Amino acid sequence: WMQRRSDKVSAHDAVGALLDLIDTKGGKLKGSKVVTELENVKPEYRSIIDACGGPKKFCATHQELEFITEFGSDGFVQRRSVEVSHQDVVDALLELVDKSSGKL
């Protein structure tokens with residue numbers, strides 16, 4: 001006896017689909033287009049976004065996404081940029097020096 005796998009979608013699926021859309025749209029997607037574009041991919045994504053309270057709140061709950069608000073526009077969604085601290089740079093540089101027998 002075999003049971004068919006459920007075609008349920010998760011928030012993780014919606015994040016992946018949104019990241020794919022962002023990549024195909026040149027790195028960002030208008031805030032007003034998020035739900036419509038995701039719904040075109042899979043209609044079930046609308047309920048996931050709505051359950052979070054909309055695109056802005058959905059992005060706030062997923063570290064891969066960032067909703068940018070701009071005055072006079074509906075904003076846009078992009079991949080969250082990874083912040084690198086000065087200490088991260090120093091640590092990476094020291095690691096390179098160590099791997100190179102103390103010299104670069």
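To start, this report covers the structure provided alongside it. The structure displayed is predicted, hence computed values, not measured ones. (Residues numbered from 1 in each chain as written. Predicted model: local features only at pLDDT ≥ 70, side-chain atom pairs only at ≥ 80, totals over all residues. Heavy atoms only, no water.)

## Thoughts on the state of the cysteines
Next, step 1: What the rule picks out here adds up to zero disulfides.
Next, step 2: Counting only cysteine sulfurs, C52 is the nearest neighbor of C59, a cysteine outside any disulfide, at a range of 9.4 Å. (Disulfide = S-S within 2.5 Å.)

## Some details on the environment of T61
Next, step 1: By secondary structure assignment, the location of T61 is in the loop between α4 (55-60) and β2 (65-68).
Next, step 2: For T61, a relative accessible area of 53% puts it in the exposed group.
Next, step 3: Considering only alpha carbons, one finds T61 and K99, 38 residues apart in sequence, at a separation of 38 Å. (Helix = DSSP H or I, 4+ residues; strand = E, 2+ residues; numbered from the N terminus. Buried < 20%, exposed > 50% of the residue type's maximum accessible area, 1.4 Å probe, protein only.)

## Brief notes about the nonpolar core
Next, step 1: Ranked by internal contacts, the top residues of the largest apolar core, which has 20 residues, are L18, I22, L38, Y45, F58, L65 and V77.
Next, step 2: Listed by contribution, the elements that provide at least two residues to this core are α1 (11-24), α2 (34-41), α3 (45-52), α4 and β2.
Next, step 3: Element by element, the count of residues in this core is highest for α1, at seven residues.
Next, step 4: Those residues within four positions of V77 in sequence are excluded, and the remaining contacts are L18, I22, G27, K28, L29, V34, C59, L65, E66 and F67. (Core = buried A, V, L, I, M, F, W, Y, C linked by side-chain atoms within 4.5 Å. Contact = heavy atoms within 4.5 Å.)

## Considerations on the sheet that holds strand β3 (residues 76-79)
Next, step 1: Across the sheet, which stays open at both edges, the three strands sit in the order β1-β3-β2 with antiparallel pairing between neighbours. A strand with exactly one partner marks an edge of an open sheet, and here the two such strands are β1 (28-30) and β2. Strand-to-strand twist of the sheet, defined as the mean angle between neighbouring strand axes without regard to direction, takes the value 25°.
Next, step 2: Where β2 lies against β3, four bridges are found, and the strand directions are antiparallel. Counterpart to I68 in the pairing with β3 is F76.
Next, step 3: Sitting on the sheet, α1 is in contact with β1, β2 and β3, with an inclination near 100° to β3. (Pairing = 2+ DSSP bridges. Axes fitted to C-alpha atoms, helices over the stretch in contact; angles between N-to-C directions.)

## Concerning the pattern of salt bridges
As a working rule, side chains carrying opposite charge can pair if their charged atoms are close by.
Next, step 1: Taken as a whole and assessed by the stated rule, the structure comprises five salt bridges.
Next, step 2: Between R46 and D50 there is a salt bridge; the shortest N-O distance is 3.9 Å. Separated by four residues within a single helix, R46 and D50 lie in helix α3, roughly one turn from each other.
Next, step 3: Salt bridges sharing common partners tie together E39, R46 and D50. (Salt bridge = Lys/Arg side-chain N within 4 Å of Asp/Glu carboxyl O.)

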